[in-house]
Amino acid sequence: MRLLPLAVHRPHGRPAISCRYRCNDACSRPAPNPTDTTPFREVAAAALSRRRVLQAGLVAGISGTLAAACGTGGGAGAGAAPAAGAAGSAGPMPSPFGFAAVAPNTEDAVRVPGGFEQQVVIRWGDPVLPGAPAFDANAQTAAAQAQQFGFNNDFLALLDDPASPGRALLVANHEYTTEPFMIPGYDPDAPTPEQVAIGMAAHGMSVVAVQRDGASGRLTPTMDAVNRRITASTPMTLTGPAAGDALVRTSADPEGRTVLGTLNNCAGGVTPWRTVLTGEENVDQYFANGEAVADPAARAALARYGMDGGATDRRWEAVDPRFDLTREPTEPNRFGWIVEVDPFDPASTPRKHTALGRFKHEGANVRVGPTGTVAVYMGDDERFEYLYKFVSSRTHRAGDAPADRASNARLLDEGTLFVARFSGDAPTPGPDGGGEWLPLVESLAGGTGRSFVPGMTAAEVLVHTRMAADTVGATPMDRPEDVQPHPTTGRVYAALTNNDERGTPGKPGVDAVNPRPENTNGQVLELTETGDDPAARTFGWSLLLVCGDPAAADTYFGGFPKDQVSPISCPDNVAFDAVGNLWIATDGNALGSNDGLFAVPLEGPQRGRVQQFLTVPRGAETCGPVVEERLALVSVQHPGEADDASLANPISHWPDGGTSIARPAVVSVWRAGGGPLVAPGSA
Ligand code: FEO
Ligand code: CA
Ligand code: CA
């Protein structure tokens, strides 16, 4: 049964209020990439489309309706595995995960498969630092918020403490605030300075020590000396060749090396040297009056990053002049970076790595190559933006001695930043196409750099990375979100969440890797570096998933029969479980269901068999997945966020129920009895 959507005002399923407070209405305005650099369009696209539609259409023709596809449950935790076997098989194929898929729904709850348990680990407003006051939305202060768990948790990391069995550090991003859902009586046109300060304190990150429960996936937050709040005011250091450049100097920081705060921290990654990388994503929305900047070149650069408007929605510029571009035109150049945080050292200063480029960073994920060279994979999440890779010049040291840590701390300051150009004319079967990594800039020891882009200095390439990538002819993609290498195969998985402007007048058309016009459901790419070397200059790629309604002819699930998969829409964050399956969190389900977390095998006869593991409450987005051997951890971000909702008229009371206000929170899920999360054939 196809479900009735909630009030939806965007083609990708997000309410307008989400767009306003999260991404500055990016989808309501033209994408800021004016270039059309797609090098290989129609011919390759036609070939790929024929193949996909042929496969999909054949399957769709025998697969029945979405009702059948969704009929793996009928309710959370109540479903049975589909009856049909895989192609060519006589009977039902056992679940590759050992759980029955959760059916699409619009409930105000986190729904998990039967036989699984869940726990809310920590909510917006819960204490993080000793002495934090109890949460009271009616009496919230900035001082309290700065000691409490921030708003709209997104990326999550769970790092075990080797010195203390059972103790782990939970690290969470707090991507953005939606003050009308946080502050009773909030007037968006005239926020008070205290309300602005509450919003700033609710941004950033949290580090919270948690104690594991040996018998379940339960995590208990503890008041611990390592606990930390990072906010929009926390001092950070700029590293790499753009540090100190005139492009990042401001009146408050004439040296151009110290920035206050991190903003719009979306996804991230954990490094092999046990730090956390966090991506500053839609930072344009915090900076006002780009349209009034006098210098045409500066104005054009701001516009390329979406900063070409007037007042912001949060009005921070009325309280802090650094958010007013007519007063501090270079302040936004200090945001839009990958930030590295050492969660084990609460006194450490987070570092913004300019060598990794400046764009709307979704996240960053690291792979160490056979020679110790480190590759960092990154996506720029906006329509028609690009996929990037940084390759270190130095090599990773596996030890944990001070000298090893000091060496690894420099890994992301010296190396080469590349952007991807795809081609797509390979014959079937096999990879769908190839591609090359185009060098943009090499960052050198001592904070110097070498530009590969004519007419741009190294610092300019790093600060205006989008413009550099335009120049070299990168392939405009359908919103690259999480890009993550598989821990054992090294293949790289990229979630391309959607692009409602693909193929519209004046915009790039479809191509092999972005094969659908007005793409509302997104796709998942699989990249294989040439020679399995993360430092390679070329790669091959395949479309693993072309998401959407399995009954639709334009969807594709790795070739697996589509009557046995869960519908999936708008893939966003990816993760891998202990046995190498891919897990995908969604954002903005265009099929009318709540968002969720899905698992999909990458190997064997069930490759492409997407199964939904959980759904999140009304108005929420699933993000930050951590999938361990015995638990899955998700961020439930912005529950209750809808245009016709408010604090006085909520559509969600999750997680506390009754008449409570909705609170973003972290949820842990585990198999009852504490067995492995993935137990093939047990359902
Ligand atoms: Fe914050 Fe790209 O999602
Ligand atoms: Ca995201
Ligand atoms: Ca991820």
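Sequence positions are assigned chain by chain, starting from 1 and proceeding in written order. Following the order in which they are written, the chains are lettered starting with A and the ligands numbered starting with 1. Predicted model: local features are reported for residues with pLDDT of at least 70 only, side-chain atom pairs are reported and counted for 80 or more only, and whole-chain, interface and lining totals are derived from all residues. Note: side-chain values were computed over all heavy atoms of the structure, leaving out hydrogens and water.

As recorded in an unreviewed UniProt entry, the protein chain goes by the name PhoX family phosphatase, listed as coming from Actinomycetospora lemnae.

**Q** Looking at this model, I keep getting lost on the overall build of the protein chain. Mind explaining?
**A** The helix and strand tally for the protein chain stands at 9 helices and 32 strands. Here the protein chain holds 683 residues, and the buried ones make up 64% of them. In what follows, residue pairs with any heavy atoms lying within 4.5 Å of each other are defined as contacts. Contacts spanning at least 24 positions in sequence make up 66% of the contacts within the protein chain whose residues lie at least 6 apart. For accessible areas, the Shrake-Rupley method is used with a probe of radius 1.4 Å. Any residue's cover is judged against the shown protein chains and nothing else. Surface exposure of the protein chain reaches about 21900 Å², of which carbon and sulfur atoms provide 55%. Elements are defined by DSSP. Helices are runs of H or I of four residues or more, strands are runs of E of two residues or more, and each kind is numbered from the N terminus. Type-normalised accessible area, obtained with a 1.4 Å probe on protein chains alone, sets the label of each residue: buried when under 20%, exposed when over 50%, and partly exposed for intermediate values.

**Q** What exactly am I supposed to notice about the coordination of the calcium ion (ligand 3) here?
**A** Geometry reference: four tetrahedral donors at a metal, ideal angle 109.5 degrees. Six octahedral donors, ideal angles 90 or 180 degrees. Here a donor is any nitrogen, oxygen or sulfur atom (N, O, S) within 2.8 Å of the metal, with 3.2 Å used for Na, K and Ca; water is not among the atoms considered, so some sites may look incomplete. For the calcium ion (ligand 3), the protein coordination sphere consists of Asp 482 (OD), Gln 484 (OE1) and Val 574 (O), at 2.3 to 2.4 Å. Written as a sequence motif, the donor arrangement for the calcium ion (ligand 3) is D-x1-Q-x89-V. For Gln 484, a relative accessible area of 16% translates into the label buried.

**Q** Which parts of the structure should I look at to understand the nonpolar core?
**A** Soluble globular proteins tend to bury their nonpolar side chains together. In this structure, Met 378, Tyr 388, Leu 412, Val 419 and Leu 440 are the most contacted members of the largest nonpolar core, which totals 67 residues. Of the domains in this structure, domain 1 (31-48 + 243-281 + 336-546) and domain 2 (283-332) are the two that each give at least three residues to this core. Nonpolar cores are built from buried Ala, Val, Leu, Ile, Met, Phe, Trp, Tyr and Cys residues. Side-chain atoms within 4.5 Å join them into one set. The next biggest cluster of nonpolar side chains, apart from the first, holds 24 residues, and it includes Leu 597, Leu 614, Val 636 and Trp 654. Domains are outlined according to an automatic or database domain assignment.

**Q** I tried to follow the pattern of salt bridges on my own but got confused; where do I start?
**A** Proximity of charged atoms lets side chains of opposite charge pair with each other. Each reported salt bridge corresponds to a side-chain nitrogen of Lys or Arg within 4 Å of a carboxyl oxygen of Asp or Glu. Inspection of the entire model under this criterion finds 42 salt bridges. Of the charged contacts in the structure, one is a salt bridge between Asp 253 and Arg 334, with a shortest N-O distance of 2.8 Å. Note that Asp 253 is positioned in the loop between strand 7 (235-239) and strand 8 (258-260) and Arg 334 in the loop between helix 6 (296-304) and strand 11 (338-341), a separation of 81 residues in sequence. Assigned by exposure class, Asp 253 and Arg 334 land together as buried. Each of Asp 284, Arg 304, Lys 360, Asp 380, Glu 382, Glu 385, Arg 466 and Asp 470 takes part in one network of salt bridges that share partners.

**Q** Would you mind going over unusual backbone geometry with me for this structure?
**A** Leave glycine aside and you will find that most residues have negative phi; peptide bonds, for their part, are mostly trans. Along the chain, Trp 654 connects to Pro 655 via a cis peptide bond; the corresponding omega equals 5°. By the element assignment, Pro 655 lies in the loop between strand 31 (632-637) and strand 32 (665-671). At Asn 152, a residue that is not glycine, the phi angle is positive and equals roughly 45°. With respect to the secondary-structure elements, Asn 152 resides in the loop between helix 4 (142-145) and strand 2 (153-160). Here the phi dihedral of Asn 289 falls at roughly 70°; this positive angle occurs in a residue that is not glycine. Among the structural elements, Asn 289 can be located in the loop between strand 10 (276-280) and helix 6.

**Q** Can you help me understand the sheet that holds strand 26 (residues 571-576) in this one?
**A** By way of backbone hydrogen bonds, the strands of a sheet pair with one another, either parallel or antiparallel. DSSP calls a pair of strands paired once it identifies at least 2 bridges connecting them. Strand order in the open sheet formed by 4 strands is 26-27-28-29, and the pairing between neighbours is antiparallel. With one partner strand each, in any of the chains shown, strand 26 and strand 29 (611-615) form the two edges of the open sheet. Across the sheet, the axes of successive neighbouring strands diverge by a mean angle of 25°, strand direction being ignored. Strand direction decides the pairing type here: strand 27 (residues 582-586) and strand 28 (residues 596-600), joined by 4 bridges, are antiparallel. Across the sheet, residue Ala 585 finds its bridge partner in strand 28, namely Leu 597. To obtain each axis, a line is fitted to C-alpha atoms, and for helices this fit is confined to the stretch in contact; angles are then taken between N-to-C directions over 0 to 180 degrees.

**Q** Before we go on, may I ask you to explain the coordination of the calcium ion (ligand 2) in this structure?
**A** Distances from the calcium ion (ligand 2) to its protein donors, Cys 266 (SG), Glu 362 (OE), Glu 481 (OE), Asp 572 (OD) and Asp 572 (OD), fall within 2.5 to 3.1 Å. Square planar and octahedral sites, with four and six donors, are those where opposite donors lie more than 155 degrees apart and all other angles lie between 65 and 115, tetrahedral sites have four donors with every angle between 85 and 135 degrees, and the rest are irregular. Geometry at the calcium ion (ligand 2) is irregular, judged from the 6 donor atoms that bind it and their angles of 48 to 166° at the metal. Sequence spacing of the donor residues for the calcium ion (ligand 2), all on one chain, is C-x95-E-x118-E-x90-D. One end of the pair, Glu 481, is in strand 21 (residues 480-485); the other, Asp 572, is in strand 26, and 91 residues separate them in sequence. Of the residues examined, Glu 481 reaches a relative accessible area of 1% and is grouped as buried.

**Q** I'm lost on the packing of aromatic side chains in this one. Help?
**A** Aromatic ring pairs are reported here in terms of the distance separating the ring centres and the angle at which the planes meet. Only rings of Phe, Tyr and Trp enter the pairing, Trp through its six-membered ring, and a pair is recorded when the two centres are within 6.5 Å. The plane angle decides the type: under 30 degrees is stacked, over 60 is edge-to-face, the rest tilted. If you walk through the whole model with that rule in mind, you get 20 aromatic pairs. The interplanar angle of 70° and the centroid separation of 6.4 Å between the aromatic rings of Tyr 386 and Tyr 388 together place this pair among those described as edge-to-face. For Tyr 388, a relative accessible area of 0% puts it in the buried group. Ring geometry for Trp 437 against Phe 539: centres 5.1 Å apart, planes inclined by 50°, an arrangement best described as tilted. Residue Trp 437 is located in strand 18 (residues 433-443), and its partner Phe 539 is located in strand 24 (residues 538-546); the two are separated by 102 residues in the primary sequence. Phe 539 carries the same exposure label as Trp 437, and that label is buried. Aromatic ring contacts, followed pair by pair, group Phe 97, Phe 99, Phe 116, Trp 583 and Phe 613 into a single cluster. Between the NZ or CZ atom of Lys 352 and the centre of the ring of Phe 335, over which it lies, the distance is 3.8 Å. Against the face of Tyr 305 rests Arg 466, its NZ or CZ located 5.1 Å from the ring centre. The criterion is that NZ of a Lys, or CZ of an Arg, lies within 6 Å of the ring centre and within 35 degrees of the ring normal, and then a charge sits over that ring.

**Q** Honestly, the sheet that holds strand 31 in this entry has me stumped. Any pointers?
**A** Spatially, 1-32-31-30 is the arrangement adopted by the 4 strands of the open sheet, whose pairing is antiparallel. Whereas interior strands pair on both sides, the edge strands pair on one side only; in this sheet they are strand 1 (116-123) and strand 30 (621-627). Taking the axes of each pair of neighbouring strands and ignoring which way they run, one obtains an average angle of 25° across the sheet. Of the pairings in the sheet, the one linking strand 31 to strand 32 comprises 5 bridges and is antiparallel in character. Note that in strand 32 the partner of Ala 632 across the bridge is Val 669.

**Q** Would you mind showing me how to read the state of the cysteines here?
**A** By definition, a disulfide links the sulfur atoms of two cysteine residues through a covalent bond. Cysteine sulfur atoms are paired as a disulfide whenever they come within 2.5 Å of each other. For the coordinates displayed, the defined rule picks out 0 disulfides. Summary of cysteine pairing: Cys 547 is not part of a disulfide, and the nearest cysteine sulfur, belonging to Cys 570, is at 8.2 Å.

**Q** Quick question: what am I supposed to make of helix 6 here?
**A** Given 3.6 residues per turn, any residue in an α-helix points the same way as the ones three and four places further on. Three or more residues of helix 6 are buried, namely Ala 301, Leu 302 and Arg 304. For helix 6, the buried positions fall inside an angular range of 160° around the axis, keeping them on one side. Of the surrounding secondary structure, the elements contacted by the buried residues of helix 6 are strand 15 (383-385) and helix 9 (465-472). Just past helix 6, the residue Gly 306 takes up positive phi, approximately 80°. By construction, the arc corresponds to the directions joining the helix axis to the C-beta atoms.

**Q** Looking at this model, I keep getting lost on the pairing of strand 31. Mind explaining?
**A** Successive side chains on a regular strand alternate, one facing one side of the sheet and the next facing the other. Here strand 31 lies mainly inside the structure; 6 of its 6 residues are buried. Here strand 30 folds back onto strand 31 in antiparallel fashion, the turn holding 4 residues.

**Q** Looking at this structure, how should I read the pairing of strand 11?
**A** Every second residue of strand 11 is oriented toward a common face, with Ile 338 and Glu 340 on one face and Val 339 and Val 341 on the other, all of them buried. Examined bridge by bridge, strand 10 and strand 11 share 4 bridges and lie antiparallel to one another. What sits directly across from Thr 278, in strand 11, is Val 339. When strand 11 meets strand 12 (residues 351-353), the two strands line up antiparallel, connected through 3 bridges. Looking at strand 12, one finds that Glu 340 is bridged to Arg 351.

**Q** I keep staring at the side chain of Glu 175 and nothing clicks. Help me out?
**A** As for its placement among the helices and strands, Glu 175 is situated in the loop between strand 3 (167-174) and helix 5 (193-202). Non-local contacts of Glu 175, meaning those with residues more than four positions away in its chain, are made with Arg 22, Phe 151, Asn 152, Asp 154, His 203, Asn 264, Asn 265, Cys 266, Glu 281, Tyr 286 and Gln 637.

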